[in-house]
Structure formats: structure tokens, C-alpha cells
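In case you want the letters, here they are:
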Amino acid sequence: MENGGLRRAYDALLAEVDAGGFGPAPEGQLGAEQVVAHLVANDELMIQATEALLAGSPFAYYDLEEDMHRPQLDALAAEQGGMRGLTALLHETSDRLCGLVDQLGLAAETPVETHLREGFDLIVDEPLPWSRTLDLHARVHLPKHQAQLHLLRS
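Cut-offs used in this document
Residues numbered from 1 in each chain as written. Predicted model: local features only at pLDDT ≥ 70, side-chain atom pairs only at ≥ 80, totals over all residues. Heavy atoms only, no water. Helix = DSSP H or I, 4+ residues; strand = E, 2+ residues; numbered from the N terminus. Rg over C-alpha atoms; globule rule 2.2 N^0.38 Å. Buried < 20%, exposed > 50% of the residue type's maximum accessible area, 1.4 Å probe, protein only. Contact = heavy atoms within 4.5 Å. Areas by Shrake-Rupley, 256 points an atom, 1.4 Å probe, with all protein chains shown as cover. Lys, Arg positive; Asp, Glu negative; His and termini not counted. Charge placed at Lys NZ, Arg CZ, Asp CG, Glu CD. Pairing = 2+ DSSP bridges. Axes fitted to C-alpha atoms, helices over the stretch in contact; angles between N-to-C directions. Polar contact = N/O pair within 3.5 Å; in protein donor to acceptor, adjacent residues only side chain to side chain. Parallel < 35°, antiparallel > 145°, perpendicular 65-115°, else oblique. Nonpolar A, V, L, I, M, F, W, Y, C, P; charged D, E, K, R; others polar. Salt bridge = Lys/Arg side-chain N within 4 Å of Asp/Glu carboxyl O.

Caption draft 1: Expanded view of the overall build of the chain. Scanning the chain for helices and strands turns up five helices and three strands. Helices and strands appear in the chain in the N-to-C order α-α-β-α-α-β-β-α. Against the 2.2 N^0.38 benchmark of 15 Å for 154 residues, the chain shows a C-alpha radius of gyration of 15 Å, consistent with a compact globule. Viewed in the frame of its principal axes, the chain has a C-alpha envelope of about 45 × 25 × 25 Å. The burial tally for the chain puts 49% of its 154 residues in the buried class. Put simply, of all contacts in the chain between residues at least 6 apart along the chain, 75% involve residues at least 24 apart. Accessible area of the chain: about 7,600 Å², with a carbon and sulfur share of 54%. Positive and negative charge centroids in the chain, built from 10 and 25 side chains respectively, lie 5 Å apart.

Caption draft 2: How the structure looks around the sheet that holds strand β2 (residues 111-118). Here three strands make up an open sheet; going across it, the order is β1-β2-β3 and the pairing mixed. Strands at the two margins of the open sheet, each flanked by one partner only, are β1 (60-64) and β3 (122-129). Averaged over all pairs of adjacent strands, the angle between strand axes in this sheet comes to 0°, irrespective of strand direction. As judged from the eight bridges shared by β2 and β3, these two strands associate in the antiparallel manner.

Caption draft 3: Main features of the pairing of β1. Only one face of β1 is covered, namely the one carrying Ala 60, Tyr 62 and Leu 64; the face carrying Tyr 61 and Asp 63 has none of its residues buried. Bridge count for β1 against β2 is five bridges, and the pairing is parallel. Note on β2: the bridge partner recorded for Leu 64 is Leu 116.

Caption draft 4: The arrangement of the side chain of Gln 34 in detail. In this fold, Gln 34 is placed in helix α2 (residues 32-54). For Gln 34, a relative accessible area of 15% corresponds to the buried category.

Caption draft 5: Quick peek at the side chain of Glu 16. Looking at where Glu 16 falls in the secondary structure, it is placed in helix α1 (residues 4-19). A distance of 3.3 Å separates a polar atom in the side chain of Glu 16 from a polar atom in the side chain of His 150. Not counting the four nearest positions on each side in its chain, Glu 16 is found in contact with Phe 22, Gln 146, Leu 149, His 150 and Arg 153.

Caption draft 6: Looking closely at the packing of α2 against helix α5 (residues 130-152). Between α2 and α5, the shortest axis-to-axis distance is 11 Å and the interhelical angle comes to 170°. Classified by the angle their axes make, α2 and α5 are roughly antiparallel. Between α2, through Ala 32, Val 35, His 38, Leu 39, Asn 42, Asp 43, Met 46, Ala 49, Thr 50 and Leu 53, and α5, the contact on the second element is made entirely by Trp 130, Thr 133, Leu 134, His 137, His 141, Leu 142, His 145, Gln 148, Leu 149 and Leu 152. Classifying every residue of the contact of α2 with α5 by side-chain character gives 11 nonpolar, eight polar and one charged.

Caption draft 7: Molecular detail of the packing of α1 against helix α4 (residues 83-102). Taken N-terminus to C-terminus, the directions of α1 and α4 make an angle of 175°; their axes are 11 Å apart at the nearest point. Overall, the two elements α1 and α4 adopt an arrangement that is roughly antiparallel. Across the interface between the two elements, Leu 6, Arg 7, Tyr 10, Leu 13, Leu 14, Val 17 and Asp 18 of α1 pack against Thr 87, Leu 90, His 91, Ser 94, Asp 95, Leu 97, Cys 98, Gly 99, Val 101 and Asp 102 of α4. In the contact of α1 with α4, the residues fall into nine nonpolar, four polar and four charged.

Caption draft 8: Molecular detail of the pattern of salt bridges. Inspection of every chain in the model, using the stated rule, returns six salt bridges. Residue Arg 7 pairs with Asp 102 through a salt bridge whose shortest N-O separation is 2.6 Å. Residue Arg 7 is located in helix α1, and its partner Asp 102 is located in helix α4; the two are separated by 95 residues in the primary sequence. Accessibility expressed as a relative area gives 42% for Asp 102, which makes it partly exposed. Linked by salt bridges that have partners in common, Arg 7, Asp 95 and Asp 102 make up one network.

Keep in mind these values describe shape, not function.
In C-alpha cells:
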């Protein structure tokens, strides 16, 4: 599987994160730390599914909910020491995910039970080839959060 699009999406997102200077979030929306924690947690879920496929599993499961455990996002941010630690961790998880995706080959077409909801923009509740989920991640999910972070810049 060619994952240049995934790497480019992460490069653009990480440039936004690295630029910093984020202000407070509007009422009811995620703040910058929560967005980055969400992305780290999502990377971990995608890494688990990708590793299962690389290990030869005939199926995998991926479940990402829109407001993915807000208290847990805050706990992850605190555990990492705030934005600086989260940013370093996001660099690590995104690089690890891209490296694993580079190894997938034909396993990228393995159906993965996918449950994904990000607002009204992205709703999936069905098995998809993992390559399709990765494509949605690169073309929709990451750019959505990149734009969200851009709007939080003060």
C-alpha cells in the first residue's frame, strides 16, 4: 500500500501542532491539548489494528467515537505534561503508524470492523478494507483536526 498521502496529511497536521500559539476553545469544543490527545489515542487504536493485520489476523476492529473519552483525553494530556509532551508523542505515534502502514502490502485490503463518528462529516459503521479507513483518516480526519487547530491559534 502506498501511504504517501497519509504521511503528507501527518506532515501538514504536525506543522500546525508544532506552530503552537493556541488559544482557548469555544464553549463545548475541544481545546488544542484535547485535540492532540485525541489524535494520539486514535493513532494508538490504528496501530493496534495495523499490527493485528501484520500478524496475519483475518480481521481487526477499529472504534473511534466523536467525543472520545474527554476525561481520558485530559488525563492523557496531564500524563504527558501538557502540549509539549503530547506533541512529542504525536510525532512518535504518527511515525510508527506510517511505518507499519508501509509494511502492509496486500494485508491493507483486509476488512476491518470500523466504527467511526466525527461529527456529521464522517460516520462509518461497517467493515471496510483497512486501506479505505486509512484513506479516510488521511483525507478527512487529519485535515479536519488540522483546521480545528488552525482556528484555535490565537
